[in-house]
Every structure is written in structure tokens, then in C-alpha cells.
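Observations on chain architecture
Spelled out from the first residue to the last, the chains are:
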Amino acid sequence: RVWEALVKTFTSQMKSCFTASSFVKETFVLGYPKLLSMINNLLERLVRDTDVKGVLPAIKDQDKEHLLAALEPFQTAYLAQCLNRLLDLVNAMFPYGMRATIPSQDQISKLISRIQEEIEAVKLDRRLLLSVLHEVGKVLQLLSEKFEYQVYISLPLVTNNYIIYFRSVIQETFCGFVSKILVS
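Residues numbered from 1 in each chain as written. Predicted model: local features only at pLDDT ≥ 70, side-chain atom pairs only at ≥ 80, totals over all residues. Heavy atoms only, no water.

With respect to the packing of helix 5 (residues 72-93) against helix 6 (residues 105-122)
Contact geometry of helix 5 with helix 6 gives a least axis separation of 9 Å together with a crossing angle of 170°. Of the possible angle classes, the one that applies to helix 5 and helix 6 is roughly antiparallel. Between helix 5 and helix 6, the contacting residues are Tyr 78, Cys 82, Arg 85, Leu 86, Leu 89, Val 90, Ala 92 and Met 93 on the first element and Gln 107, Ile 108, Lys 110, Leu 111, Arg 114, Ile 115, Glu 118, Ala 121 and Val 122 on the second. Here the contact of helix 5 with helix 6 is composed, by residue class, of 12 nonpolar, 1 polar and 4 charged. (Axes fitted to C-alpha atoms, helices over the stretch in contact; angles between N-to-C directions. Helix = DSSP H or I, 4+ residues; strand = E, 2+ residues; numbered from the N terminus. Parallel < 35°, antiparallel > 145°, perpendicular 65-115°, else oblique. Contact = heavy atoms within 4.5 Å. Nonpolar A, V, L, I, M, F, W, Y, C, P; charged D, E, K, R; others polar.)

What follows is the structure, given as C-alpha cells:
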């Protein structure tokens, strides 16, 4: 009973922090791995310190899950920021409107370092690590798509055994004309 009341109070306070105070929200989002670690350590200590033979545990697994669920808005925001930090680096490698750009070694190194930092920050919690790795996977998928597109636009166009290298406007017009003739 006491634990249920504590979980309800904690949950309402976390919701209030998330919606009412931008300072607290930002602090908890940026420090989410540390906050989660502190809560997990508290729960482990409560279980350890209240472990008495013949007595029901002070905290049930379900209660732990409810307490951790109260932190979910902060986790979601943390993962979104993680994704945005990584996407910013990928998008900087391939500026919008630039054709056939090749990322520099420095840009690639920055992305790798950022991925390592993101993983290092959450390595103590398995669930959070898996969530961050999921976000890293999304970024790597986007990176591969962007590389694939760069290769695609930089390679010559192969149409019906004709190879056309970097085409000018006139060549594009001619290609369109030839394509129409070949299709007819």
C-alpha cells in the first residue's frame, strides 16, 4: 500500500516536471542515463535492504516497472535528442542541394565519435542501451541510403546499352528524345 502510494506520487510528480518546468525537464532529459541509474540503484538497494526470509518483498517487479514507466517521457525525449544529434552530423555530410558530395574523413570521424559517446553514456542500463542502439541503427540506415544515392547520381546513366556520363542540359534533352524513340 505504501509502495503504491509512493509510485502514484512519483508518477504524478514526474508528469508535472515534464509538462510544467522546462528547466527540470531539460535537466532530466539531458541527464536521463544518470537519473535512470540512480532510480535503478535505489530499487536494488531497497530490495537488498528489505530482503527478509519469510516476508514478502517490499517491492514487487510490477511496482518497479510502474516506477520506471513514470520516467518514460524523459526517456522518449532523451532518445529523440540522441537521434537528432546523430542526424545533424549525417545531414552535415550531405548538404541539401549538393550533388555528389563526399564526406570528409573529419566528418566521418565525428559521427563515429558521437556514436561511441552515445553508447558510452548508456552502457550501464541494458534496456536503454538497446534503445540507443535502435536509434543508431536508424542513423546508419539513413547514412547508407545517402551514400547509395551519392553513388547513384555520380555514376553514368546506363540506358539500353548506352552509357551517358555527366550530362549537360542538351544531353538530357537528347536522352529524353532517344528514350522516347527506343520505347516507340
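The discussion continues.
Side note on the pattern of salt bridges
Two side chains carrying opposite charge are able to pair once their charged atoms lie near each other. Under the criterion given, the structure shown has 10 salt bridges. Residue Arg 127 pairs with Glu 65 through a salt bridge whose shortest N-O separation is 3.1 Å. One end of the pair, Arg 127, is in helix 7 (residues 126-154); the other, Glu 65, is in helix 4 (residues 61-69), and 62 residues separate them in sequence. Overall, the relative accessible area of 54% leaves Arg 127 in the exposed class. Take Glu 65: its relative accessible area is 36%, and that puts it in the partly exposed class. In this structure, Glu 118 engages Arg 114 in a salt bridge whose closest nitrogen and oxygen atoms are separated by 3.5 Å. With Glu 118 and Arg 114 both in helix 6 and 4 residues apart, this pair spans about one turn of that helix. Since its relative accessible area comes to 2%, Glu 118 is described here as buried. Among the ionic contacts, a cluster of salt bridges with common partners joins Arg 85, Arg 114, Glu 117 and Glu 118. (Salt bridge = Lys/Arg side-chain N within 4 Å of Asp/Glu carboxyl O. Buried < 20%, exposed > 50% of the residue type's maximum accessible area, 1.4 Å probe, protein only.)

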